[in-house]
Amino acid sequence: MSDDGKKTLGLRGGPRSGSVKQSFSHGRTKSVVVETKRKRVVVPKPGGAKPSGAAPAGDPSRRPAGISDAEMDRRLKAVQAAKAREAEDAANRAAEEKAREEERKRRREEAETKEREEREREAALKAKADEEARKKREAEDAARRAAAPQPTPEDRAAKGPVRAKTTTEQPRRQQEDRQNRNQKGRDDGRRSGKLTVNQALSGGDGRQRSMAAMKRKQERARQKAMGGTEQREKIIRDVQVPEAIVVSELANRMAERVPDVVKALMQMGMMVNQNQSIDQDTAELIVEEFGHRITRVSDADVEDVIDSVEDKEEDLRPRPPVITVMGHVDHGKTSLLDAIRNAKVVAGEAGGITQHIGAYQVTQDDALLTFLDTPGHAAFTSMRARGAQVTDIVILVVAADDAVMPQTIEAIAHAKAAQVPMIVAINKIDREGANPDKVRTDLLQHEVIVEKMSGEVQDVEVSAINGTGLDSLLESIALQAEILELKANPKRAASGAVIEAQLDVGRGPVATVLVQNGTLKQGDIFVVGEQWGKVRALVDDKGNRVKEAGPSTPVEVLGLNGTPEAGDVLNVVDTEAQAREIADYRIEAAKERRAALGAATTLEQLMAKAKDDENVSELPVLVKADVQGSAEAIVQAMEKIGNDEVRVRVLHSGVGAITETDVGLAEASGAPVIGFNVRANAPARNSANQKGVEIRYYSVIYDLVDDVKAAASGLLSAEIRENFIGYANIKEVFKVTGVGKVAGCLVTEGVARRSAGVRLLRDNVVIHEGTLKTLKRFKDEVAEVQSGQECGMAFENYDDIRPDDVIEIFEREEVERNLD
């Protein structure tokens, strides 16, 4: 302060000072003076000068340069709008926060209410249990007192002091029991399970009881307090045991602990762990030891889920007949079917011959007829056999101008093997030279007696080109179907046969299925051969999508996981797991069959086969076809090509386009790739060009078989033929220095050539075969000597020649062979 008593000018409060004591290591300290200064804040008085932002719009001195009145108003309005939005956002945020707080409060109250109700319910249950236990004890005590004999006065007098002692000791015992219970209650086992620092440093056992163990202990104590001390009754289960089962799976099926099962096995002398398999007999002993019942099952039992029940008579409904058209190639089977369907399938087949099995439906007089068209070429035997197996009626097409041919005889054999009725359609009666009676006579040789020959087989003369006799043929089919009384149950799970299968680029594996029983619906889960799937779509013979297909209906099925074999049986099952299990079992069974075939071969047989194969040349090929049936037919045709010296070996056959994998296999084996109605994709073509692999495309099976046969013929060794060109008699033998013995000969027949081969005959016995070292006429070396002339001959590396020996002169030529 100043001398006149006034305060010194400065900031209010002035600077604040103080000291702080700092501590360092080794007990060192240091005091530091800290001074805090305040900053003076000037607060404008109310009603004072307004901020510059609120300056009047018309005051040019308070406005930025170049800003008009309108622009200034617009900016002020924008600022005001922004402040209004901020205020609104702040209000919204406050409202949302308040709502969230109320929601959290409500949930908290609900949780507390629920927890309180739960505690009250548990307390009520415990009180009820205690009351029941008390009543039970009182009832037991009353029963014991009633059963005890009434004491006599002498007994009461004798026991008086003892009873008094007991009455005096009873409060003391109750007090001890209460103390023990309190001590047990204070013993918190869960707390003792925690690991402390002292325990860890002292090396104590850190393995304590877990929280789950403590909870189980508390649950047991609670049940004991509620009177639930009785043991639960053991549940006896029916355990399904396959031929081999893993130990852990067996324990799971018995609902027993895995260590218990392993212990039981070790007691039986089997040192196994939970991941090892045991056989069915051992599993039976374990199941019986644990008190359960065993049910033996086999791997083949997985197929028991396939519905094979007998249909009831009231469930059967009439179904369309399935008619298969069979006969020799080019006898007009497809043309006849086209005339019935008013279609042109022949025009779409390569070479005008059928190479696929086709399925169609035709409506005739409000009745459905299902036709199967089979190939007639010799290579398609399996297709014809499949067609005969799934059919009800066989139409045997025989050309009137060609009579009975080899595939006609084969078709008759297939029909007889399948035991199906036959209708003979004598086609091409409109041609010159047609002789239907010759056809009927030729059929007699194969035990097919037609009605005109006093037999039972119907015969109809037709012309597919002119449409002659088609009505009579359809009438015969209807009559035969009426006699057969064909029925099926459309309400059961569907089953059918795969007529054809292929791998479509856009649709994946596709199977043409003829439904034989039940109704196949979209979404059904099925198993077919070694494949399974779910029906994604059904396509009829006209290319239309349908929702379901009844008995005797041919459809294309989409949704398979792989391409099945033609001829496989399709069955609908309940679940996808069943379908997958059946397919896996069939795959394993097929592997075992193949392994068994290989194992059955003895070492001697292998050695003999290897020795035989030493002299056999092989032509490896790789076959890809558009459908499964064509691939099968090509492989069978390839197996028939060859003889004892050469054969064709199919490395791989499949369905679908030619891929890089096929080209790689062909390159490793030096084999050509044969594509039947398929093409190689772009990567496969590039790979084939780089690796030099030959890819051949075919659309007619005749050309394919002929080319492979020609290629196999090129592996045959040429045939050596000998042509005898002359004979010569030895008149005299001379010794020439530097040459050896020279025979003076007279050519008696033909001609003697220097380049030809010779044989030396003595008494008509060949004693030497070789070549000439020299052939001279007088003293000149000549190329040949004609008959009737004399010459000198010397043999190469042979001198044992005598007069009157005969020299046979011959030439060898190589002749190419073929497999025809």
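Residues numbered from 1 in each chain as written. Predicted model: local features only at pLDDT ≥ 70, side-chain atom pairs only at ≥ 80, totals over all residues. Heavy atoms only, no water.

**Student:** Residue-level account of the nonpolar core, with values.
**Tutor:** With 23 residues, the main nonpolar core has Leu 336, Phe 371, Ile 395, Leu 473 and Ile 477 as its most contacted residues. Elements with a minimum of two residues in this core: β8 (322-327), α9 (333-341), β9 (358-364), β10 (367-373), β11 (393-399), β12 (422-427) and α13 (470-484). Residue contributions to this core peak at 5 residues, all from α13. Excluding its chain neighbours within four sequence positions, the residues that come into contact with Leu 473 are Leu 336, Ile 340, Ile 395, Ile 423, Ala 425, Val 460 and Val 462. If you look at the next biggest cluster of nonpolar residues, it comprises 21 residues, including Ala 728, Ala 752, Leu 760 and Met 793. (Core = buried A, V, L, I, M, F, W, Y, C linked by side-chain atoms within 4.5 Å. Buried < 20%, exposed > 50% of the residue type's maximum accessible area, 1.4 Å probe, protein only. Helix = DSSP H or I, 4+ residues; strand = E, 2+ residues; numbered from the N terminus. Contact = heavy atoms within 4.5 Å.)

**Student:** Describe a negative patch on the surface, listing the residues and the values that go with them.
**Tutor:** Taken together, the side chains of Glu 243, Glu 581, Asp 584, Glu 588 and Glu 592 define an acidic patch exposed on the protein surface. Tracing the chain through its elements places Glu 243 in the loop between β3 (238-241) and β4 (244-246). (Patch = residues over 30% accessible without salt bridge, like charges linked within 9 Å, V, L, I, M, F, W, Y side chains within 5 Å. Areas by Shrake-Rupley, 256 points an atom, 1.4 Å probe, with all protein chains shown as cover. Salt bridge = Lys/Arg side-chain N within 4 Å of Asp/Glu carboxyl O. Lys, Arg positive; Asp, Glu negative; His and termini not counted. Charge placed at Lys NZ, Arg CZ, Asp CG, Glu CD.)

**Student:** Quick rundown of the environment of Thr 512? Include the residues and the values.
**Tutor:** By secondary structure assignment, the location of Thr 512 is in strand β16 (residues 508-517). Residues Thr 512 and Leu 558, spaced 46 residues apart in sequence, show a C-alpha to C-alpha distance of 9.2 Å. Contact partners of Thr 512, with chain neighbours within four places excluded, come to Ala 497, Val 498, Ile 499, Glu 500, Val 555 and Glu 556.

**Student:** Lay out the pattern of salt bridges in plain terms, naming residues and giving numbers.
**Tutor:** Counted under the stated rule, the structure contains 46 salt bridges. Its salt-bridge partner being Glu 284, residue Arg 296 comes within 2.5 Å of it at the nearest N-O pair. With a gap of 12 residues between them, Arg 296 in strand β6 (residues 293-296) and Glu 284 in helix α8 (residues 280-289) connect regions that are remote in the sequence. We classify Arg 296 as partly exposed; its relative accessible area is 40%. Put simply, Glu 722, Arg 759, Glu 769, Glu 808 and Arg 812 are held in one network by salt bridges that share partners.

**Student:** An account of the side chain of Asp 442 is needed here, citing residue identities and associated values.
**Tutor:** For Asp 442, the position within the fold is in helix α12 (residues 436-444). On the accessibility criterion, Asp 442 (14% relative accessible area) is buried. If sequence neighbours within four positions are ignored, Asp 442 has contacts with Ala 403 and Val 404.

**Student:** I'd like a description of the pairing of strand β13 (residues 458-461), backed by residues and values.
**Tutor:** Each regular strand shows side chains that alternate between the opposite faces of the sheet. Two strands pair when backbone bridges link them, and β12 and β13 are joined in this way by 4 bridges, in the parallel orientation. What sits directly across from Ile 426, in β13, is Glu 461. Note on the crossover from β12 through α12 to β13: the handedness is right-handed. (Pairing = 2+ DSSP bridges. Right-handed = clockwise from strand over helix to strand, strands pointing away.)

**Student:** Can you tell me about the sheet that holds strand β25 (residues 646-655), naming the residues and giving the values?
**Tutor:** Taken together, 4 strands build an open sheet; the order of strands is β25-β24-β26-β27 and the sheet is parallel. Both outer strands of the open sheet, β25 and β27 (695-698), are each paired with one neighbouring strand and no more. Averaged over all neighbouring strand pairs, the angle between strand axes comes to 25 degrees, with direction disregarded. As defined by bridge partners, strand β24 (residues 617-625) adjoins strand β26 (residues 673-676) across 4 bridges and the pair is classed as parallel. Looking at β26, one finds that Ala 625 is bridged to Phe 676. In the packing of helix α17 (residues 660-669) onto the sheet, contacts are made with β24, β25, β26 and β27, and the angle to β24 comes to roughly 175 degrees. (Axes fitted to C-alpha atoms, helices over the stretch in contact; angles between N-to-C directions.)

**Student:** Got a sec to walk through the packing of helix α6 (residues 247-254) against helix α7 (residues 258-267)? Specific residues and values, please.
**Tutor:** The N-to-C vectors of α6 and α7 enclose an angle of 120 degrees; their axes lie 9 Å apart at closest approach. The angle between the axes of α6 and α7 places the two elements in the oblique class. In terms of crossing hand, the pair formed by α6 and α7 is right-handed. Contacts from Val 247, Ser 248, Ala 251 and Met 254 of α6 reach α7 at Val 258, Val 261, Val 262 and Leu 265. Here the contact of α6 with α7 is built from residues that sort into 7 nonpolar, 1 polar and no charged. (Parallel < 35°, antiparallel > 145°, perpendicular 65-115°, else oblique. Left-handed = near helix turned anticlockwise from the far one by under 90°. Nonpolar A, V, L, I, M, F, W, Y, C, P; charged D, E, K, R; others polar.)

**Student:** Please provide a residue-by-residue account of α8, values included.
**Tutor:** Those residues of α8 that sit buried are Gln 280, Thr 282, Ala 283, Ile 286 and Val 287. The buried residues of α8 occupy an angular sector of 155 degrees when the element is viewed end-on, so they sit on one face. Where α8 is buried, its residues touch β3, β4, α6, α7, β5 (277-279) and β6. Looking one or two residues past α8, Gly 291 carries a phi angle of roughly 85 degrees, positive in sign. (Arc of directions from axis to C-beta.)

**Student:** Give a description of the environment of Ala 549 that names residues and reports values.
**Tutor:** Examined against the element boundaries, Ala 549 turns out to sit in strand β21 (residues 548-549). Every residue in contact with Ala 549, bar those within four places of it in the chain, is listed here: Val 515, Gly 518, Thr 519, Leu 520, Leu 538 and Val 555.

**Student:** Tell me about a nonpolar patch on the surface, and please be specific about residues and values.
**Tutor:** On the surface, Leu 444, Ile 449 and Met 453 cluster together into a nonpolar patch covering about 220 Å² of accessible area. On the secondary structure map, Met 453 appears in the loop between α12 and β13. The exposure class of Met 453 is partly exposed, given its relative accessible area of 32%.

**Student:** Lay out the packing of helix α16 (residues 628-640) against helix α19 (residues 701-713) with the relevant residues and their values.
**Tutor:** Running from amino to carboxyl end, α16 crosses α19 at an angle of 30 degrees, the nearest separation of the two axes being 10 Å. With respect to α19, the axis of α16 lies roughly parallel. Between α16 and α19 lies a crossing whose hand is right-handed. In this structure, α16 uses Ile 634, Ala 637 and Met 638 to contact α19, whose residues at the interface are Ile 701, Leu 704, Val 705 and Val 708.

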